[in-house]
Amino acid sequence: MDKIYDELRTLLKGEKKYFTDGGELIKTAVYADAMAANPALIKLLLKGKESRKRFFIDADGVLVFDKTAFGWVVNNRNFLPDSYTRYKNKIGLTSSDGDFLSACNDVAIAFPYKDCVLEFDSTAENDKREEIFYNELLSRKEIDRLFEKKVFDCAVRHGAKGSKPAAKFEEGDSIVIKGNNLITMHSLLPRFEKSVKCMYWDILYNTNSDEVPYGDRFKHSSWLTMMKNRLDVAWRLLKKEGVICLQCDDNEMAYLKVLTDEIFGRDNHVNTICVKMSELKGFKMGNVQNKFPKLKEYILIYAKDKSCVKMKVETKPKDNLNDYAKYYNKRIVNIDDDCSLWKVEKVGRDFDKVGHAREMIYPVTRDSKTKEKLPVGKFCKISDGDGKQSVVYFDGKKVKTVLFLSDYVEEPVGDIWTDISTININKESSVQLKNGKKPESLVKRIICAFTDEGDYVLDAYFGTGTTGAVALKTNRRFIGLEQLDDHYEKSIARLKEVIAGDKSGISAECGYEGGGEFISCELAKLNQKYIEKIAAAKSDKELFALSKEILESGFVSSRVDPSEIDPDADDFRSLKRTDKKKLLFSLLDKNMLYVNYCDSDDENFSVSENAKKFTQSLYGEETE
């Protein structure tokens, strides 16, 4: 067995991207390339005697790469060179079984509220509801068809002229998809692998807070597994020069950073932004004697390949601009003329920050060996040794360099953001979400720093569509993924408002007056429809009927023997309603939450012709 590990480590040295600058193996990069059947990796593996024998199947003279077998070997803890390296890189990130997370192939397929569709009992976001906990980890050996391509149903194109059924997905379309974000991202790989320039995720914080309309707390190890699953596929969707930006709070930030270091590579960490997200008022002041009030959140920014990232640095006005007036105290009347003709007048301490900014000057004394060549009492341009030009003024005794206020009125944005207001965010569009929205200006700063017009931005936690709204207003394309019915519907309503000319948020500063279009659709449901029905059931009678329907459907978990389940039995009837729901959730085969694309023509799945054609176009498989 040791032969294969030794040979693999030798073979992989032929590809620099699999190692950090310090020479440590980036196992997640190897695994991702294997799952994508990367030709460069396959060529390397074919060179090894043991790897060729172990990972390739001869099918009538054709070698077929067994990526599953390779994945098991790569994720075996023996693959790392020694115990020191193994422990050094993992720093406490373990699964519920105590194994290192990087070696864990479990998949967190669903969890409370945020990733499980729940029909709200009313339109009020903060209404009390019976809590339903639905969180299940699937081991790798249980997963067979979970990540296969899915059918996209109910496609609608929304534009300035209204909404109509979408016949096909066009190159460059923006899209909002309802469905589990992990499964959806895997379904997007055939079309969008290595296509996304930037991801902004306002993730599940895993707190004990009830300030948002979903209970975002569940077991720490499950949360880590959930994030690992999604970051793994996110890495594959990103362009080489792409970045992912993860907004979180103190509760999991430290663990999330270590996890993302492992998946993206520590050298690809771009920034950790500290952003002010609340004010010193209200309930926060009630605990001020027990702890410092919490005002901040974090945005972790990672690149797929940091050396390829080109960031556009935003600038902002200096807070103390008027303090400069005592120095920048002269205005050039005829700034557009040749500098030798400039006329200067004095100005007061208060001045127009915009209109006068470029005209204000401040002469600074400098030494010069070229005094004799300078005209007295005139402005003129000179070049330094590097060819950089500056304007100087020689009064006959001293040479003065002229500084322009316009070069000093702004400063670059740093990694502490306190200038973005979170007050009255609900006024950004008519769509409401109590304590859940992020400011459009925050998302704009991120998107515009790392993308150009026309680039794709992906938000796997789309919520009420802030990322999509900003993308439309800045002429970017977007992919939004959302599973909550209520949030999905709100995001569609908000984006339609934007297209119609919404004036709120960043519209004015972007000069946006409306326009654009996008597609909305959803993954075609199979067992997912039962999850929704179970979650929405309000009586034992409904659950009894559902249990019968589920057992007769045939789409039950392989771990379940239907003959052993009797909804009429006293032990089932005696369960609390919440426990009945948990049991019914556990009966379902999670590999069959949605309809697989390969089953489109099977009459048992009732896939419409419109859904077939739209799905074919999204996968680039249109037929005449």
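Just so you know, these numbers come straight off a predicted model, no measurement behind them.

What counts and what doesn't
- Residues numbered from 1 in each chain as written.
- Predicted model: local features only at pLDDT ≥ 70, side-chain atom pairs only at ≥ 80, totals over all residues.
- Heavy atoms only, no water.
- Helix = DSSP H or I, 4+ residues; strand = E, 2+ residues; numbered from the N terminus.
- Contact = heavy atoms within 4.5 Å.
- Areas by Shrake-Rupley, 256 points an atom, 1.4 Å probe, with all protein chains shown as cover.
- Core = buried A, V, L, I, M, F, W, Y, C linked by side-chain atoms within 4.5 Å.
- Buried < 20%, exposed > 50% of the residue type's maximum accessible area, 1.4 Å probe, protein only.
- 1 Å grid on protein atoms, 1.4 Å probe; cavity = no way out; pocket = protein on both sides within 12 Å on 5 of 7 lines; lining within 4 Å.
- Points joined across faces, edges and corners; volume = space filled by probe spheres on them.
- Nonpolar A, V, L, I, M, F, W, Y, C, P; charged D, E, K, R; others polar.
- Salt bridge = Lys/Arg side-chain N within 4 Å of Asp/Glu carboxyl O.
- Pairing = 2+ DSSP bridges.
- Right-handed = clockwise from strand over helix to strand, strands pointing away.
- Expected span 1.5 Å × (residues − 1).
- Polar contact = N/O pair within 3.5 Å; in protein donor to acceptor, adjacent residues only side chain to side chain.

## Side note on the overall build of the protein chain
Then, in step 1: Scanning the protein chain for helices and strands turns up 18 helices and 23 strands.
Then, in step 2: Here the analysis covers contacts within the protein chain between residues at least 6 apart in sequence; of these, 72% occur between residues at least 24 apart.
Then, in step 3: Only carbon and sulfur atoms are counted for the fraction: they give 48% of the accessible area of the protein chain, which is about 30,400 Å².

## Quick notes on the nonpolar core
Then, in step 1: Formed by 98 residues in total, the largest nonpolar core has its most connected members in Phe 70, Trp 201, Ile 203, Leu 231, Ile 244, Leu 458 and Phe 614.
Then, in step 2: Once residues lying within four places of it in the same chain are set aside, the contact partners of Phe 70 are Leu 8, Val 30, Ala 34, Leu 41, Leu 45, Phe 55 and Phe 65.
Then, in step 3: Counting 23 residues, the second largest nonpolar core, distinct from the first, contains Val 275, Ile 447, Val 457 and Ile 506.

## A few points about the layout of surface pockets
Then, in step 1: The computed volume of the second largest pocket comes to approximately 780 Å³.
Then, in step 2: The set of elements that each furnish at least two residues to the lining of the second largest pocket consists of α2 (27–35), α5 (67–74), α7 (181–192) and α8 (220–237).
Then, in step 3: In terms of residue count, the dominant contributor to the lining of the second largest pocket is α8 (6 residues).
Then, in step 4: By residue class, the composition of the lining of the second largest pocket is 19 nonpolar, 6 polar and 11 charged.

## Description of the side chain of Asn 527
Then, in step 1: Mapped onto the secondary structure, Asn 527 falls in helix α14 (residues 527–536).
Then, in step 2: You can call Asn 527 buried: its relative accessible area is 0%.
Then, in step 3: When near neighbours in sequence (up to four residues on either side) are disregarded, Asn 527 contacts Phe 555, Leu 588, Asp 589, Met 592 and Leu 593.

## Digging into the pattern of salt bridges
Then, in step 1: Overall, the coordinates contain 37 salt bridges when judged by the stated rule.
Then, in step 2: Residue Lys 228 is joined to Asp 232 by a salt bridge in which the shortest nitrogen-to-oxygen separation is 3.2 Å. One end of the pair is Lys 228 and the other is Asp 232, both in helix α8 and 4 residues apart, which spans about a single turn.
Then, in step 3: With relative accessibility at 9%, the residue Lys 228 sits in the buried group.
Then, in step 4: In this structure, Lys 525 engages Glu 522 in a salt bridge whose closest nitrogen and oxygen atoms are separated by 3.9 Å.
Then, in step 5: Looking at Lys 525, the relative accessible area reads 27%, which means it is partly exposed.
Then, in step 6: Owing to a relative accessible area of 14%, Glu 522 belongs among the buried residues under this scheme.

## Regarding helix α10 (residues 440–450)
Then, in step 1: Counting buried residues along α10, 9 of its 11 residues qualify, which places the element largely inside the surrounding structure.
Then, in step 2: Listed in full, the buried residues belonging to α10 are Glu 440, Leu 442, Val 443, Lys 444, Arg 445, Ile 446, Ile 447, Ala 449 and Phe 450.

## Considering the pairing of strand β21 (residues 456–459)
Then, in step 1: Side chains Tyr 456 and Leu 458 of β21 all project onto a buried face; the interleaved residues Val 457 and Asp 459 project onto the opposite face, where all are buried too.
Then, in step 2: In this structure, strand β8 (residues 196–202) lies alongside β21, joined through 2 bridges in parallel fashion. Note that in β21 the partner of Cys 198 across the bridge is Val 457.
Then, in step 3: Relative to strand β22 (residues 477–482), β21 is paired through 4 bridges, and the arrangement is parallel. Paired with Tyr 456 across the strands is Arg 477, a residue of β22.
Then, in step 4: Read from β21 through helix α11 (residues 466–473) to β22, the crossover connection turns out right-handed.

## Focus on the environment of Pro 190
Then, in step 1: With respect to the element layout, Pro 190 can be found in helix α7.
Then, in step 2: Classification of Pro 190 as partly exposed rests on a relative accessible area of 47%.
Then, in step 3: Counting along the chain gives 428 residues from Pro 190 to Leu 618, while the straight-line C-alpha distance between them is 9.0 Å.
Then, in step 4: In this structure Pro 190 touches Lys 149 and Tyr 619, once residues within four positions along its chain are discounted.

## Considerations on α7
Then, in step 1: The first and last C-alpha atoms of α7 sit only 14 Å apart over 12 residues, clearly below the 16 Å expected at 1.5 Å per residue.
Then, in step 2: By the criterion of burial, α7 is predominantly enclosed, with 10 of the 12 residues buried.
Then, in step 3: If you check which residues of α7 are buried, you get Asn 181, Leu 182, Ile 183, Thr 184, Met 185, His 186, Ser 187, Leu 188, Leu 189 and Phe 192.
Then, in step 4: By the N-cap criterion, in which a side-chain oxygen at the helix start approaches the backbone nitrogen of a residue two or three places on, α7 is capped by Asn 180, the distance to Leu 182 being 3.0 Å.
Then, in step 5: Remark: Lys 194 follows α7 within two positions and exhibits a positive phi of approximately 60 degrees.

## Here's the deal with unusual backbone geometry
Then, in step 1: With a phi close to 50 degrees, Ala 37 is a non-glycine residue in the positive phi region.
Then, in step 2: On the secondary structure map, Ala 37 appears in the loop between α2 and α3 (39–46).
Then, in step 3: The phi dihedral of Cys 154 is positive, around 55 degrees, even though this residue is not glycine.
Then, in step 4: Secondary-structure assignment places Cys 154 in strand β5 (residues 152–159).

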